[in-house]
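Residues per chain, in single letters:
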Amino acid sequence: MSKRKNTTSSIPSKTPKHWSLGLIASMKDPNSIIKNTEKVVVIKDKYPKAKVHYLVLPHEEINSIYKLNKSHISLLEEFGNIFKELKEENESELRAGFHAIPSMQRMHMHVISTDMISTSLKTKIHWNSFCTKFFIPYDELLQELKDIGNIRKIPSELHTSLMKTPLQCNQCSFKPKNMPELKDHLLKHQLL
DNA sequence: GTTCTAGAAC
DNA sequence: GTTCTAGAAC
């Protein structure tokens, strides 16, 4: 047996060329897939920010919510049906929505429980991505698509200010001074 | 999006 | 001295 090291040229890499393509790879990974229908795939978020955290993605190559038009309304209604199914299958209270400025390619809807208890929840940006207006609820996105036929981008200064929003508990009026204090506080809500 | 870690904050 | 945040990653 040769102990020769594997070279990069001899290993077919499963790693995407760029991190922003990671979801497109996960859509094909049987270990990640929760549901797979004609129009959409549901996968587990690789770095869940709460006890329950799924992503719903279309098979259609829609890069982001900013590529949507009125022809996609029926697809979005399918997203709503999937959300309803997931709520029926889970004990936890779930929310569905989209990040105003997503980091990963392929349009995706987050379905996430309100507990926000997870070791992968680490930074203020993580928190503010789900607990400020940076998180666009499913119903609001669908309504905007029906009303004006597309999704309007948020101004970059609004993005900056949302990410700098002081920490605020999503379940009460408590304003933690840092992330460890917030995470400790969230555990107390879980006991009630 | 995450990881790593310098240096700010405590 | 330790905890915590925030910017670079070729």
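Look above for the structure.
Residues numbered from 1 in each chain as written. Chains lettered and ligands numbered in written order. Predicted model: local features only at pLDDT ≥ 70, side-chain atom pairs only at ≥ 80, totals over all residues. Heavy atoms only, no water.

Peer 1: Report on the overall build of chain A, specifying residues and quantitative values.
Peer 2: Helix and strand counts for chain A come out as 6 helices and 6 strands. Listing the helices and strands of chain A from first to last along the sequence gives α-β-β-β-α-β-β-α-β-α-α-α. With the principal axes as the frame, chain A shows a C-alpha extent of 65 × 45 × 40 Å. Relative to its full complement of 192 residues, chain A shows a buried share of 42%. Sequence-distant contacts, at least 24 apart, represent 63% of the contacts inside chain A between residues at least 6 apart. For chain A, the accessible area works out to roughly 11,900 Å², and carbon and sulfur atoms hold 53% of it. Both charge centroids of chain A, one from 29 positive and one from 20 negative side chains, sit 10 Å from each other. (Helix = DSSP H or I, 4+ residues; strand = E, 2+ residues; numbered from the N terminus. Buried < 20%, exposed > 50% of the residue type's maximum accessible area, 1.4 Å probe, protein only. Contact = heavy atoms within 4.5 Å. Areas by Shrake-Rupley, 256 points an atom, 1.4 Å probe, with all protein chains shown as cover. Lys, Arg positive; Asp, Glu negative; His and termini not counted. Charge placed at Lys NZ, Arg CZ, Asp CG, Glu CD.)

Peer 1: Outline the sheet that holds strand β6 (residues 135-137), supporting the account with residue identities and numerical values.
Peer 2: Taken in spatial order, the 6 strands make up an open sheet running β1-β2-β3-β5-β4-β6, and their pairing is antiparallel. What marks the edges here is a single partner per strand, and that holds for β1 (33-36) and β6. Ignoring strand direction, the axes of neighbouring strands in this sheet form an average angle of 30°. Where strand β3 (residues 53-58) meets strand β5 (residues 109-113), 4 bridges bridge the pair, whose relative direction is antiparallel. Each bridged residue has a counterpart across the sheet, and for Y54 the counterpart in β5 is V111. (Pairing = 2+ DSSP bridges. Axes fitted to C-alpha atoms, helices over the stretch in contact; angles between N-to-C directions.)

Peer 1: Pulling in residues and values, what's your account of the layout of surface pockets?
Peer 2: Put simply, the largest pocket is a space of about 1,000 Å³. Residue lining of the largest pocket: 33 residues in total, with L23, D45, K46, Y47 and M104 positioned closest to the centre. Where the lining of the largest pocket is concerned, the elements lending two or more residues are α1 (22-26), β2 (40-44), α3 (124-131) and α5 (156-163). Of the residues that constitute the lining of the largest pocket, the class distribution is 14 nonpolar, 12 polar and 7 charged. The calculated volume of the second largest pocket comes to roughly 310 Å³. As for the second largest pocket, its lining consists of 15 residues, and the residues nearest its centre are K133, I136, E140, E144 and I154. Mapped by element, the contributors of at least two residues to the lining of the second largest pocket are β6, α4 (138-148) and α5. (1 Å grid on protein atoms, 1.4 Å probe; cavity = no way out; pocket = protein on both sides within 12 Å on 5 of 7 lines; lining within 4 Å. Points joined across faces, edges and corners; volume = space filled by probe spheres on them. Nonpolar A, V, L, I, M, F, W, Y, C, P; charged D, E, K, R; others polar.)

Peer 1: If you had to explain the protein's contact with DNA strand B to someone new, which residues and values would you point to?
Peer 2: Close contacts around DNA strand B come from W19, Y47, K49, H99, S103, M104, K122 and H126, and that covers them all. Within 4 Å of the protein, atoms of DNA strand B come from sugar and phosphate in 54% of cases. At 3.5 Å from a base nitrogen of DNA strand B is found a side-chain nitrogen or oxygen belonging to W19. S103 is positioned such that a nitrogen or oxygen atom in its side chain is 3.3 Å from a sugar or linking oxygen of DNA strand B. For the surface near DNA strand B, the residue count by class is 3 nonpolar, 3 polar and 2 charged. (Near = heavy atom within 4 Å. Polar contact = N/O pair within 3.5 Å; in protein donor to acceptor, adjacent residues only side chain to side chain.)

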